[in-house]
Amino acid sequence: MNALIKTFLTACLLLTAFALKASAAEVHSGISTRETYVGLPVTFQVQISNATNFDPPTVPEIPGLRIESAAQPSRSTQTTIINGNISNRSSVTYSYAVTPLGPGNYRIPPISVRVDGQTLETRPFEFVASKSETGDLLFVEVAGKEKQIYVGQALDITLKIWVRPYYNKEHGITLSEADMWQLIAERTHWGPFAERIEQFAANNQRPVGTEVLRKDRDGANHSYFLYELDATIYPKKPGRIDANDVQVIALYPTALGQSRSPFGGMLEEMGFPDRDDMFAGGFPPFGPRLTIESVRPIVAEAKVEPIEVQEIPIADRPADYRGAVGQYRIVGEAKESNVKAGDPINLLIGIAGTGPMDLVQAPPLAELPELTADFKVPNEPLAGFVKGDRKVFSTNIRPRKEGITEIPAIPFSYFDPEADKFVTVHSQPIPIHVAPADTLALDAVIGRTTSAAGRADASLMTDAVETTPQLAIFTGNELLQNERLAKPLPQPLLLLAAVPPIVILGLFIARNRSGLAAIAGHIGSSSKRCQQHIKGTVEPSEVALALRTFFITRFALGGESADDAAVLGALRSNGHRNLAVRCERLLQQCEIQDSFRTADPATIHELKCEALKLVEELQSHRRPPQIKSKSTPAGTRSRWRSSTSSIISGIALAGTLLVTTGETLAQHNHSLTLTSAADVSLTAEQRQTLLAEANDRYELALQASTKDSAEAKQTFANAATKYQLLVDSGVQNSRLYFNLANAYLQSGASGRAIANYHRALRYDLSNLAARNNLLHAETLVNTSPDELAASDERKTLSGFVLVVNTWLNRYITPRGILAWMIFSWLTLWIAVGLRLYEICLPWKSLVAASFVVVMFTAGSYALSCQELTRKLAVIASPKLTLRTGDGKQFPSVLDIQLHEGQTVEPLKERGGWIQVRTATGDTGWLPDLSVEVI
């Protein structure tokens, strides 16, 4: 037994060792041939087998050889089964084309490869390269039309290839020019003619050869096929033109045969088309097909006619010259012709000419005194795009002051090789109109809040009666503290406001129990009368009439003129859809039963039961009806009770409005808080540094605004970029949004300024500076509330109320309006309570005045709080087209053009587009990057 166990263990060890040996990583290499010709590459391969992790091999540079990757690495997997044993072998093969540049012996050294944690080496290989003797079979020349040119000048050259036709004496066959062109190997180096060869291949074409006579080396004329290729080059350095990168390789036949050549594999590897029918058309259809049995490669270096390249002269070279050679013209175009000082003007510069357009550089605009005197010009080089025979450059320039009437002519200098001199051409001046800038006046700066003043200064700024726009910005690290969205009515305040009416209501109920009992008995009398009427009916028509009369009375449908359709519509509009369906069915059944002369008593009983159920169900979940108190002339106490009931009803309605508004806004604030997220991650130190830099840029822009509007607006834009980074990092602060909006407004981005003023108000409704600047910004884009009210909205009551409330908010903050509302609310209830205890005072006047103030302030405060509830988005681009779908391919909506600063209602987003609704009710899609959603 022990011997058997030892034998089994030995066998297992041997199998394991065999498996480990079979699966060990290996590296092999090989070369396609040991003998080649100059310019004819050989294939060198490195194969890595059974490796889990490995680094690609790196072939070192070898003098005299050009080594290039021949193809993508190839992978293979092989599974072998021998006597039931399964072995898997996987490999990756890297191929390289090794081309000798001259004759001689070459050696490829061992290649080190890192495989599975160990370094393996390939074995070295040696091969020899000899110069191919073309004899009189192949000539290559490059000819140019010019003998002397300048650097950068266009030179038209022609590649001429002479190939002597192959003649086979045994078969008496001479290959055609098409057959001889197919013998040109794919590994030919075409140099500047490669693009022309690619065009031929893309169109499934080839150069057409012409049979000509040419003298060989001995001076005897022979027939050759001449192939010509044209190209245009632009020499980059002076000296003689060479063609070292042009090398033509041909696989010249040496024998033809009727069977497949044993060299077929080699021919395919060299790029030779191994086709049995390559000579089809030159042989009779009944004859045997011939193929090439053997070839020999011939390599011809291109000979170049002497062409001298001269350097561009230095004498008289213009200062704005940037290397253009040829003949050119320049044009300019401005996208905007009516702008304000400091606003960007999109300037397009087009240059067309005879030189290489991709190498043409834009004129140095920042170095042109005639342009920089009145315009702020970017200093960085301009990137352009080639379109046909011209190159177009685009940049933004900013007028420094108002009153500028034109963009001066832009010069462009080039060297004309035909005239042998420098030439400067100019574009035409572009007429423009520059109006004064819309930046805020410096005298609007009331003062700057500092971190030491803190909230106190902020309160002074927001509560001050100041209606002019303010340039003052907030400073201090308090701007980096996150704030919660504003809550119009905090919960403790709501509870406190509910205490006085509850107390007074309790006293009123205790002192007027009998009157309230009578009112309670009156409620529901119409339904009881209806039920009694239904129970006493004997005809189906009477059931339908009683039910119809109840609904007409219940919904005040206008008496006998109302029909069944009006009754059913009233049910549905009040949210009783199921009852409407059942009521319609009951009325139809009553009409059907009424058509019979004698109705079945059982059926009438069922109709009556169904009608009673409808009345009961409507009463069980109906909305509480409004009770109208009627004054009676039965003494002073009755009149007092009636007046007090009316006042309590109105006050309860105002209280309900405040509570409902507070709850709705609180829920909306909570949802907004959940959706906010930071896009940029910054540390606290980085935020402080960024805030300081933004404030410094803003101050520099203020100082430059009186001297250079272009410089000021650019600096304001830089400040806005830094403020925006802080906001994107997750900082939500009303004063930071105010700073950002001011920077956007001063830089000319009115739409983004309006959006951020709105955001500032959503975090602090009492930010009077943000509210005043918002009104100013809306005035600049012709969308202010005053101008809207001056149109059709001014004619409506809602428009008039909006205008009055907007005017009031300029002087009294919503916080002050809320204080007045609370004071009037308490005064009202105190007066009512004193009257209940029969204390003598002019309580009616006091209650009426307090009630009016409460209703007015409640309405004003509710309108002011709409900033927190309504869905709002602001157009941030100068002009936008409203489209019917989410893409530029969709048509516009009735040719509606939206302008910057216009407010719309966002509906939904999809695929980088957002659907919006305009103030006129039109809906459409806009790019989301052009819309600021609040």
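Considerations on the overall build of the chain
(1) Moving on: For the chain, the helix and strand inventory stands at 24 helices and 40 strands.
(2) Moving on: Across the 934 residues of the chain, 43% fall into the buried class.
(3) Moving on: Sequence separation of at least 24 residues holds for 71% of the intrachain contacts in the chain that already meet a minimum separation of 6.
(4) Moving on: Looking at the chain as shown, the accessible area adds up to about 50,400 Å², and 54% of this sits on carbon and sulfur atoms.

Brief notes about the packing of aromatic side chains
Pairs of aromatic rings are described using the distance from one ring centre to the other and the angle between the two planes.
(1) Moving on: For the structure on display, the rule yields 18 aromatic pairs.
(2) Moving on: Between Phe 474 and Phe 738, the ring centres sit 5.6 Å apart and the planes meet at 75 degrees, which makes this aromatic pair edge-to-face. Taken together, the residues span a long stretch of sequence, with Phe 474 in the loop between helix H6 (455–463) and helix H7 (491–511) and Phe 738 in helix H17 (residues 734–747) at a distance of 264 residues. Each member of the pair, Phe 474 together with Phe 738, is buried.
(3) Moving on: One aromatic cluster in this structure is built from Tyr 150, Tyr 321, Phe 415 and Phe 422.
(4) Moving on: Taking NZ or CZ as reference, Arg 196 lies 4.3 Å from the ring centre of Phe 200, over its face.
(5) Moving on: Across the ring face of Phe 139, the terminal group of Arg 214 is positioned such that the distance to the ring centre comes to 4.1 Å.

Overview of a negative patch on the surface
(1) Moving on: Taken together, the side chains of Glu 146, Asp 156, Glu 228, Asp 230 and Glu 418 make up a negatively charged region of the molecular surface.
(2) Moving on: Of note, Glu 146 is situated in the loop between strand S11 (138–144) and strand S12 (148–150).
(3) Moving on: Of the residues examined, Glu 146 reaches a relative accessible area of 39% and is grouped as partly exposed.

Examining the pairing of strand S13 (residues 155–163)
(1) Moving on: Counted residue by residue, S13 has seven buried out of nine residues, so it is predominantly covered.
(2) Moving on: Where S11 and S13 come together, seven bridges link them in antiparallel fashion. Across the sheet, the residue bridging to Val 142 is Leu 159, located in S13.
(3) Moving on: As paired strands, S13 and strand S17 (residues 221–233) are joined by nine bridges and run antiparallel to one another. Considered in S17, the bridge of Leu 159 is made with Leu 229.

Details of the packing of helix H15 (residues 684–704) against helix H16 (residues 709–728)
(1) Moving on: Where H15 meets H16, the axes come as close as 8 Å, and the angle between the chain directions of the two elements is 160 degrees. Between H15 and H16, the crossing angle belongs to the class labelled roughly antiparallel. As H15 packs across H16, the resulting crossing turns out to be left-handed. Residues Arg 687, Leu 690, Leu 691, Glu 693, Ala 694, Asn 695, Arg 697, Tyr 698, Leu 700, Ala 701, Leu 702 and Ala 704 of H15 lie in contact with H16, whose contacting residues are Ser 709, Ala 712, Thr 715, Phe 716, Asn 718, Ala 719, Lys 722, Tyr 723, Leu 725 and Leu 726.
(2) Moving on: Split by residue class, the contact of H15 with H16 holds 14 nonpolar, four polar and four charged.

Concerning the sheet that holds strand S18 (residues 239–240)
(1) Moving on: The sheet built from three strands is open, its strands ordered S12-S22-S18 with mixed pairing. Of all the strands in the sheet, the pair left with one neighbour each is S12 and S18.
(2) Moving on: Across three bridges, S12 lies against strand S22 (residues 308–310) in parallel orientation. Considered in S22, the bridge of Tyr 150 is made with Gln 310.

A few points about the confidence of the model for the chain
Reading fine detail from the predicted coordinates is not recommended where pLDDT is low.
(1) Moving on: Overall, the prediction assigns the chain a mean pLDDT of 78, with 77% of residues at 70 or greater.
(2) Moving on: Within the model, the stretch residues 7–22 combines pLDDT values under 50 with one contact to residues more than four positions away or in other chains.
(3) Moving on: Throughout residues 261–267 the model reports pLDDT below 50, and contacts reaching past four residues in sequence, or to other chains, amount to eleven contacts.

Considerations on the sheet that holds S13
(1) Moving on: Spatially, S16-S17-S13-S11-S21 is the arrangement adopted by the five strands of the open sheet, whose pairing is mixed. Looking at the sheet topology across the chains shown, the edges are occupied by strand S16 (210–215) and strand S21 (303–304).

Here we look at the nonpolar core
(1) Moving on: Counting 47 residues, the largest nonpolar core has Leu 138, Leu 159, Ile 161, Met 180, Trp 190 and Phe 193 as the members making the most contacts within it.
(2) Moving on: Elements that contribute at least two residues to this core include exactly S11, S13, helix H2 (177–182), helix H3 (194–202), S17, strand S19 (247–257) and strand S20 (291–301).
(3) Moving on: A total of six residues in this core trace back to one element, the largest contributor, which is S19.
(4) Moving on: Among residues more than four places away in sequence, those in contact with Phe 193 are Val 142, Ile 157, Thr 158, Leu 159, Leu 229, Asp 230, Ala 231 and Val 246.
(5) Moving on: Core analysis: the next-biggest nonpolar cluster, separate from the first, contains 45 residues, Leu 480, Phe 716, Ala 720 and Ala 769 among them.

Examining the environment of Ala 154
(1) Moving on: Looking at the element boundaries, Ala 154 is found in the loop between S12 and S13.
(2) Moving on: Sequence separation between Ala 154 and Gly 355 is 201 residues, and the spatial gap between their C-alpha atoms is 6.1 Å.
(3) Moving on: Aside from chain neighbours lying at most four places away, what touches Ala 154 is Thr 232, Ile 233, Tyr 234 and Thr 354.

Focus: the packing of helix H22 (residues 814–836) against helix H23 (residues 843–864)
(1) Moving on: In contact at an axis separation of 8 Å, H22 and H23 are set at 150 degrees when each is read in the N-to-C sense. What the angle tells us is that H22 and H23 run roughly antiparallel. The interaxial crossing formed by H22 with H23 has left-handed handedness. Taken together, the residues of H23 that come into contact with H22 (itself represented by Pro 814, Ile 817, Leu 818, Trp 820, Met 821, Ser 824, Trp 825, Thr 827, Leu 828, Ala 831, Val 832 and Arg 835) are Trp 843, Leu 846, Val 847, Ser 850, Phe 851, Val 853, Val 854, Thr 857, Ala 858, Ser 860, Tyr 861 and Ser 864.

Here's the deal with helix H12 (residues 577–594)
(1) Moving on: Here H12 spans 26 Å end to end across 18 residues, near enough to the 26 Å set by a 1.5 Å rise per residue.
(2) Moving on: Check the buried side of H12 and you find it contacts helix H10 (540–555), helix H11 (564–573) and helix H13 (601–620).

Some points on the pattern of salt bridges
(1) Moving on: All chains considered together, the criterion is met by 19 salt bridges.
(2) Moving on: Two residues, Lys 376 and Glu 711, come together in a salt bridge whose shortest N-O distance is 2.9 Å. Highlighted residues: Lys 376 in strand S26 (residues 375–376) and Glu 711 in helix H16, separated in sequence by 335 residues.
(3) Moving on: Residue classification places Glu 711 among the partly exposed positions, given a relative accessible area of 30%.

Description of the side chain of Arg 687
(1) Moving on: Mapped onto the secondary structure, Arg 687 falls in helix H15.
(2) Moving on: No salt bridge is formed by the buried Arg 687. Its closest oppositely charged neighbour is Asp 728, at 11 Å.
(3) Moving on: Among residues more than four places away in sequence, those in contact with Arg 687 are Leu 480, Leu 682, Leu 726, Ser 729, Gly 730 and Val 731.

Parameters and conventions
Residues numbered from 1 in each chain as written. Predicted model: local features only at pLDDT ≥ 70, side-chain atom pairs only at ≥ 80, totals over all residues. Heavy atoms only, no water. Helix = DSSP H or I, 4+ residues; strand = E, 2+ residues; numbered from the N terminus. Buried < 20%, exposed > 50% of the residue type's maximum accessible area, 1.4 Å probe, protein only. Contact = heavy atoms within 4.5 Å. Areas by Shrake-Rupley, 256 points an atom, 1.4 Å probe, with all protein chains shown as cover. Phe/Tyr/Trp six-rings, centres within 6.5 Å; stacked < 30°, edge-to-face > 60°. Lys NZ or Arg CZ within 6 Å of the ring centre and 35° of its normal. Patch = residues over 30% accessible without salt bridge, like charges linked within 9 Å, V, L, I, M, F, W, Y side chains within 5 Å. Salt bridge = Lys/Arg side-chain N within 4 Å of Asp/Glu carboxyl O. Lys, Arg positive; Asp, Glu negative; His and termini not counted. Charge placed at Lys NZ, Arg CZ, Asp CG, Glu CD. Pairing = 2+ DSSP bridges. Axes fitted to C-alpha atoms, helices over the stretch in contact; angles between N-to-C directions. Parallel < 35°, antiparallel > 145°, perpendicular 65-115°, else oblique. Left-handed = near helix turned anticlockwise from the far one by under 90°. Nonpolar A, V, L, I, M, F, W, Y, C, P; charged D, E, K, R; others polar. pLDDT = per-residue confidence, 0-100. Core = buried A, V, L, I, M, F, W, Y, C linked by side-chain atoms within 4.5 Å. Expected span 1.5 Å × (residues − 1).

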